[in-house]
Amino acid sequence: MQKKPFDTDIARRQIASNNMNHPDIFFAISVMPGTVQKSADTLTPDDMIFTLSHQLDGLVGKELEARSGGRRS
């Protein structure tokens, strides 16, 4: 997400992979207030950074939950 210049092709592929492998995170981001669904070819770099950062947050949350044996703090 911080690479300069930002590689939009890699970002698109990572977003698609995360969406397919973690539909729960995709859904959580999709229902966030102000989120608008766009096709992959119309995403701006800002859209991609927004999505990747929220996907990362979701993945970290899932990892922390798994490490705690499914207990939420």
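Here, every reference points to the structure presented above.
Residues numbered from 1 in each chain as written. Predicted model: local features only at pLDDT ≥ 70, side-chain atom pairs only at ≥ 80, totals over all residues. Heavy atoms only, no water.

Novice: So what's going on with the overall build of the protein? Which residues, and what values?
Specialist: Helices and strands together make up the secondary structure of the protein, namely three helices and zero strands. Written out in order from the N terminus, the α and β elements of the protein read α-α-α. C-alpha extents for the protein along the principal axes are approximately 40 × 25 × 20 Å. A burial count over the protein gives 15% of its 73 residues as buried. (Helix = DSSP H or I, 4+ residues; strand = E, 2+ residues; numbered from the N terminus. Buried < 20%, exposed > 50% of the residue type's maximum accessible area, 1.4 Å probe, protein only.)

Novice: An account of the layout of surface pockets is needed here, citing residue identities and associated values.
Specialist: In this structure, the largest pocket spans a volume of roughly 400 Å³. Lining the largest pocket are 18 residues, and of these Val36, Gln37, Lys38, Leu43 and Thr51 sit closest to its centre. Listed by contribution, the elements that provide at least two residues to the lining of the largest pocket are helix 1 (8–21), helix 2 (23–30) and helix 3 (45–67). The biggest single contributor to the lining of the largest pocket is helix 1, with four residues. When the residues that make up the lining of the largest pocket are grouped by side-chain class, the tally is eight nonpolar, seven polar and three charged. (1 Å grid on protein atoms, 1.4 Å probe; cavity = no way out; pocket = protein on both sides within 12 Å on 5 of 7 lines; lining within 4 Å. Points joined across faces, edges and corners; volume = space filled by probe spheres on them. Nonpolar A, V, L, I, M, F, W, Y, C, P; charged D, E, K, R; others polar.)

Novice: Can you break down helix 1 residue by residue, with the values?
Specialist: Taking 1.5 Å as the rise per residue, helix 1 with 14 residues should run 20 Å; its terminal C-alpha atoms sit 20 Å apart, in good agreement. Along helix 1, the residues that are buried comprise Ala11, Ile15 and Asn18. Looking straight down helix 1, one finds its buried side chains confined to an arc of 70 degrees; they lie on one side. The exposed residues of helix 1 that point more than 90 degrees off its buried face are Arg13, Met20 and Asn21. Where helix 1 is buried, its residues meet helix 3. By the N-cap criterion, in which a side-chain oxygen at the helix start approaches the backbone nitrogen of a residue two or three places on, helix 1 is capped by Asp7, the distance to Asp9 being 3.1 Å. (Expected span 1.5 Å × (residues − 1). Arc of directions from axis to C-beta. Contact = heavy atoms within 4.5 Å. Polar contact = N/O pair within 3.5 Å; in protein donor to acceptor, adjacent residues only side chain to side chain.)

Novice: Account for the environment of Gly61, with residues named and values stated.
Specialist: Mapped onto the fold, Gly61 is located in helix 3. On a C-alpha basis, the gap between Gly61 and Lys38 in space is 25 Å, while along the polypeptide they are 23 residues apart.

Novice: Account for the nonpolar core, with residues named and values stated.
Specialist: Membership of the largest hydrophobic core is limited to five residues, which are Ala11, Ile15, Leu43, Met48 and Leu52. Elements with a minimum of two residues in this core: helix 1 and helix 3. (Core = buried A, V, L, I, M, F, W, Y, C linked by side-chain atoms within 4.5 Å.)

Novice: How would you summarise the side chain of Thr51 if you had to cite specific residues and measurements?
Specialist: Structurally, Thr51 can be placed in helix 3. Among all residues touching Thr51, those that are not within four sequence positions of it are Ile15 and Ile29.

The values are spatial; any link to function lies outside them.
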